[in-house]
Amino acid sequence: KIGFGSRRLGTAMIPSFEISLGAPILHGLVTIGKFDGKHPSLACATGSDNILIHSPHLHDIDTKQEVRQFSVNRRISAITSGPWSLNSVETTNS
């Protein structure tokens, strides 16, 4: 589970909400990207050498699938996101 929007209660951090991705996420190996060019999605590395992409805006209409899993088959030590080129950066606010 991943908690978002934390707030302090005494000395403990209390998450505003949590999502369950169905796999343990490696510490520090999480990023957010607009993989469709428009909607933000969460990308996370798992301990089983996979990348999970949580895209709540782009679920499959038939299966309602919001989480996709990609097998890398290599140890993941870093993860980042960004545009392929300056021409692919969205220039309008939508």
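Given the structure is predicted, the values throughout are model-derived calculations rather than measurements. (Residues numbered from 1 in each chain as written. Predicted model: local features only at pLDDT ≥ 70, side-chain atom pairs only at ≥ 80, totals over all residues. Heavy atoms only, no water.)

S.K.: Just to check I follow, could you spell out the nonpolar core for this structure?
M.R.: One recurring pattern in soluble globular proteins: nonpolar side chains tend to sit buried together. Membership of the largest hydrophobic core is limited to six residues, which are Leu29, Ala43, Ala45, Ile51, Ile53 and Ile76. Excluding residues that lie within four positions of it along the chain, alanine 45 makes contacts with Pro24, Ile25, Leu26, Leu29, Asn50, Ile51, Ile76 and Ile79. Residues Leu21, Leu42, Cys44 and Leu52 belong to the second largest nonpolar core, which totals five residues. (Core = buried A, V, L, I, M, F, W, Y, C linked by side-chain atoms within 4.5 Å. Buried < 20%, exposed > 50% of the residue type's maximum accessible area, 1.4 Å probe, protein only. Contact = heavy atoms within 4.5 Å.)

S.K.: Would you take a moment to explain the confidence of the model for the protein chain for this structure?
M.R.: Regions with low pLDDT carry predicted coordinates that are not meant to be interpreted in detail. On average, residues of the protein chain carry a pLDDT of 76, and 64% of them reach 70 or more. Within the protein chain, the lowest mean pLDDT, 53, falls on strand β1 (residues 2–4), and the highest, 92, falls on strand β6 (residues 41–46). (pLDDT = per-residue confidence, 0-100. Helix = DSSP H or I, 4+ residues; strand = E, 2+ residues; numbered from the N terminus.)

S.K.: Could you clarify how one ought to interpret unusual backbone geometry in this entry?
M.R.: Backbone geometry follows two general trends: most residues other than glycine have a negative phi, and most peptide bonds adopt the trans configuration. In the Ramachandran plot, aspartate 49 falls in the positive-phi region, its phi being about 60° despite a non-glycine side chain. Checked against the element boundaries, aspartate 49 lands in the loop between β6 and β7 (50–54). Relative accessible area serves as the criterion here: at 25%, aspartate 49 is assigned to the partly exposed category. Positive phi values are uncommon outside glycine, yet asparagine 73 reaches one of about 60°.

S.K.: Just checking my understanding: could you explain the environment of glycine 28 for this structure?
M.R.: Relative to the elements of secondary structure, glycine 28 occurs in strand β5 (residues 25–33). Taking the C-alpha atoms as reference points, glycine 28 and alanine 45, separated by 17 residues in sequence, lie 8.9 Å from one another.

S.K.: Just checking my understanding: could you explain the side chain of serine 41 for this structure?
M.R.: With respect to the helices, strands and loops of the structure, serine 41 is situated in strand β6. When its relative accessible area of 3% is taken as the criterion, serine 41 is described as buried. In terms of polar contacts, serine 41 uses its side chain to reach the side chain of serine 55, at 2.9 Å. Ignoring anything within four residues of it in the chain, the contact list for serine 41 reads Thr31, Ile32, Gly33, Phe35, Ile53, His54 and Ser55. (Polar contact = N/O pair within 3.5 Å; in protein donor to acceptor, adjacent residues only side chain to side chain.)

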